[in-house]
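Listed below, chain by chain, are the residues.
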Amino acid sequence: MDALWSQIVQWLHRVGLHVDAGTAQAVADGAARATQQLDMPGLLALAAALGWASGVRLYAVVFIVGGMGALGWLALPPALAVLQHPAVLMASGFMLVVEFFADKVPWLDSAWDAVHAFIRVPAGALLAAGVFGASDAGMAVAAGLLGGSLSAAALATKMTARAAANTSPEPFSNWGLSFLEDGMVVGVVWLATQHPLAFGLALAVVLLLSALLLVVLFKFLRAVLRRVSSLFSGSAKVA
């Protein structure tokens, strides 16, 4: 920001408008404060979006955000710039395709979610913390806690809804939920990067609906937790 303002002052001098150093510095400081205030809602929205969406479609989030950065559609924070690396894009793109089809098969989707239960939450926390990076350790920790909590809430809601849908013999309810999740992840990333305040309101509504859904489908949530527990206890016995 200082370099940009210095260039503007130099241009003003060339056209005959002279600005003294004190005034220039005061204006530059004010512009910097205004920029930080405008950026903060966007950074918080991005952190929350990365956390929540990671609980639903981790690989899609990494690929979409990385692709937006690579195409110049989104200025990624320094700690997240690695997402636009070609190797990361290829790996996340491949896993996105695998997850897209695995998520459409009844019961396989629940098994896939169970395997990824201990991947998505820490990944959501890391991605959210990366929005602020090492330059603001306090905000990074706060964002990590927020991102991990939102990822866990989204994952719990997703797994509970899928457990309920999988009790039906027809696959259409499962497919409908899966395509709805695909669209929601894309919509969440777009809304967070384009309209941060609107995203905040939408996220509050989604969290409220998630809480209501978890209360209504509590018995399915317990079934999911038992399934995940038995899966990992079985793996431990084999080992």
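Model, not experiment: these values are computed from the prediction.

Undergrad: Explain the packing of aromatic side chains to me, please; I cannot follow it from the model alone.
TA: For any two aromatic rings, the description comes down to two numbers: the centre-to-centre distance and the angle of the planes. What the rule picks out here adds up to two aromatic pairs. Between the aromatic rings of F100 and F101, the centroid separation amounts to 5.3 Å while the plane-to-plane angle is 90°, which identifies the pairing as edge-to-face. Among the residues examined, F100 registers a relative accessible area of 29% and is labelled partly exposed. Each ring, one from F100 and one from F179, has its centre 6.0 Å from the other, and the planes form 70°; the classification is edge-to-face. With F100 in helix 3 (residues 86-102) and F179 in helix 7 (residues 172-194), this pair connects stretches of sequence that are 79 residues apart. Here the basic side chain of K104 rests over the ring of F100, its NZ or CZ set 3.6 Å away from the ring centre. The ring of F179 is capped by K104, whose NZ or CZ atom sits 4.8 Å from the centre of that ring.

Undergrad: Whenever I open this one, the UniProt feature "transmembrane region" (unreviewed entry) in the protein confuses me. Can you help?
TA: In the numbering used here, UniProt assigns the "transmembrane region" (unreviewed entry) feature to residues 43-76, 82-102, 114-134 and 198-221. As annotated, residues 43-76 has a helix share of 82% and a strand share of 0%, and its two end C-alpha atoms lie 10 Å apart. The straight-line gap between the two end C-alpha atoms of residues 82-102 is 26 Å; of that span, 81% is helix and 0% is strand.

Undergrad: Quick question: what am I supposed to make of the pattern of salt bridges here?
TA: Any two side chains of opposite charge can pair, given that their charged atoms come close. Scanning all chains against the criterion turns up twelve salt bridges. Connected through shared salt-bridge partners, R57, E99, D103, K104, D109, D113, R120, K158, R162, E181 and D182 make up one network.

Undergrad: Got a minute to help me understand the confidence of the model for the protein in this structure?
TA: As a general rule, the predicted coordinates of low-pLDDT regions are not to be interpreted in detail. Taken over all residues, the pLDDT of the protein has a mean of 79, while the share at 70 or more is 75%. Across residues 30-38, confidence stays below pLDDT 50; counting only partners more than four residues off in sequence or on other chains, it has three contacts.

Reading guide: rules and limits
- Residues numbered from 1 in each chain as written.
- Predicted model: local features only at pLDDT ≥ 70, side-chain atom pairs only at ≥ 80, totals over all residues.
- Heavy atoms only, no water.
- Phe/Tyr/Trp six-rings, centres within 6.5 Å; stacked < 30°, edge-to-face > 60°.
- Buried < 20%, exposed > 50% of the residue type's maximum accessible area, 1.4 Å probe, protein only.
- Helix = DSSP H or I, 4+ residues; strand = E, 2+ residues; numbered from the N terminus.
- Lys NZ or Arg CZ within 6 Å of the ring centre and 35° of its normal.
- UniProt positions renumbered as here; feature names shortened; annotations may be inferred.
- Salt bridge = Lys/Arg side-chain N within 4 Å of Asp/Glu carboxyl O.
- pLDDT = per-residue confidence, 0-100.
- Contact = heavy atoms within 4.5 Å.

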